[in-house]
Amino acid sequence: KQWYQRRVRGSDTDVSERCDESPIVREGYLIKQGNMVKNWRRRWFTLSRSYLIYREEEGTPTKGQIRMCDIKLTRRSERYPDKRFLFEVITSKRTYYMMASSQDEMDGWTDAISHILKNPSDTSSL
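Everything numeric here is computed off the predicted structure, so don't read it as measured data.

1. Here we look at the packing of aromatic side chains
The final tally for this structure, using the stated rule, is five aromatic pairs. Ring geometry for F45 and W109: centres 6.3 Å apart, planes at 70 degrees, overall edge-to-face. On the criterion of sequence distance, the pair formed by F45 in strand β4 (residues 40–48) and W109 in helix α1 (residues 103–118) is long-range, its members being 64 residues apart. Pair check on accessibility: F45 and W109 agree, each one buried. An aromatic cluster of at least three residues, connected via ring pairs, comprises W40, Y80 and Y97. We note R42 situated over the ring of Y29; from NZ or CZ to the ring centre the distance is 3.6 Å.

2. Some remarks on the environment of I90
Here I90 shows up in strand β8 (residues 86–91). Residues I90 and R75 lie 15 residues apart in sequence; the distance between their C-alpha atoms is 8.5 Å. Excluding residues within four positions of it along the chain, I90 makes contact with D70, I71, K72, L73, R75 and T95.

3. With respect to the pattern of salt bridges
For the structure shown, the criterion picks out five salt bridges. Put simply, R67 and D70 hold a salt bridge, and the shortest N to O gap is 3.1 Å. A salt bridge links R75 to E88; the shortest N-O distance between them is 2.6 Å. Here R75 is found in strand β7 (residues 71–76), whereas its partner E88 is found in strand β8, with 13 residues between them in sequence. The exposure class assigned to E88 is buried, which follows from its relative accessible area of 7%.

4. Quick notes on the sheet that holds strand β9 (residues 95–99)
The sheet built from seven strands is open, its strands ordered β6-β5-β4-β3-β9-β8-β7 with antiparallel pairing. Looking at which strands have only one partner, the edges of the open sheet turn out to be β6 (62–67) and β7. The average undirected angle you get between the axes of adjacent strands in this sheet is 30 degrees. Alignment of strand β3 (residues 24–33) against β9, held across two bridges, turns out to be antiparallel. Opposite I31, over in β9, you have M99 as the bridge partner.

5. As for the pairing of β9
Counting buried residues in β9 gives four out of five residues, a clear majority hidden from the surface. Of the pairings in the sheet, the one linking β8 to β9 comprises five bridges and is antiparallel in character. The residue bridging V89 from the neighbouring strand is Y96, located in β9. With antiparallel pairing between neighbouring strands as the criterion, β8 and β9 make up a hairpin whose turn holds three residues.

6. Describing α1
With 16 residues, α1 ought to run about 22 Å at 1.5 Å a step, and its terminal C-alpha atoms sit 22 Å apart, in line with that. Taken as a whole, α1 has its buried residues at E105, M106, G108, W109, T110, A112, I113 and I116. Looking at the packing, one finds that the buried side of α1 touches β3, β4, β5 (51–55), β7 and β8.

Cut-offs applied
- In every chain, residue numbers begin from 1 and rise along the written sequence.
- Note on the predicted model: pLDDT of at least 70 is required for a residue's local features to be given, and 80 or more for side-chain atom pairs to be given and counted; whole-chain, interface and lining totals, by contrast, use all residues.
- Side-chain numbers come from the whole structure's heavy atoms, not from hydrogens or water.
- Planes of paired rings set the category: under 30 degrees apart is stacked, over 60 is edge-to-face and the rest tilted, where pairs are Phe, Tyr or Trp rings (Trp by its six-membered ring) whose centres lie within 6.5 Å.
- The secondary structure listing takes helices from DSSP runs of H or I that are at least 4 residues long and strands from runs of E that are at least 2 residues long, numbered from the N terminus.
- In this scheme, a residue with accessible area under 20% of its type's maximum is buried, one over 50% is exposed, and one in between is partly exposed, where area comes from a 1.4 Å probe on protein chains only.
- A ring is considered to have a charge above it if a Lys NZ or an Arg CZ atom is located within 6 Å of its centre and within 35 degrees of its normal.
- In this description, contact between two residues means that some pair of their heavy atoms is separated by no more than 4.5 Å.
- Within this document, salt bridges are pairs made up of a side-chain nitrogen of Lys or Arg and a carboxyl oxygen of Asp or Glu, the two lying within 4 Å of each other.
- Should DSSP find at least two bridges between two strands, the strands are regarded as paired.
- Simply put, an axis is a line fit to the C-alpha atoms, just over the touching stretch for a helix, and the angle between two N-to-C directions goes from 0 to 180 degrees.
- In this analysis, the expected span of each helix is defined as 1.5 Å times one less than the number of residues it contains.

So yeah, pure geometry; function would need other evidence.
Below you can see the structure in the form of structure tokens.
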């Protein structure tokens, strides 16, 4: 397996971009809150058993990634009551706020992430 290191602009941590053929569990657009500037941006997300990766658009370079082993919990969020279908992905270093376009889409993402967290070695399809 090959690994490449690259620096994410505006971040003080290195992000490793995985360049192997990990099976994709789920992918699609979500709205994500920025880390430094708290604005909301549409991002293309790809979920595998190892990472949750996000990009500006499908097929563009990786903007960031979250290692699945760093995720403690994902759940519906009540932090911003005016944001429907908002959920959080909680790691020890940061809480990521993401918004889906429907209840079914939000449930699909949170269920898929939760399934991987509960069954990290399960190779069956979700």
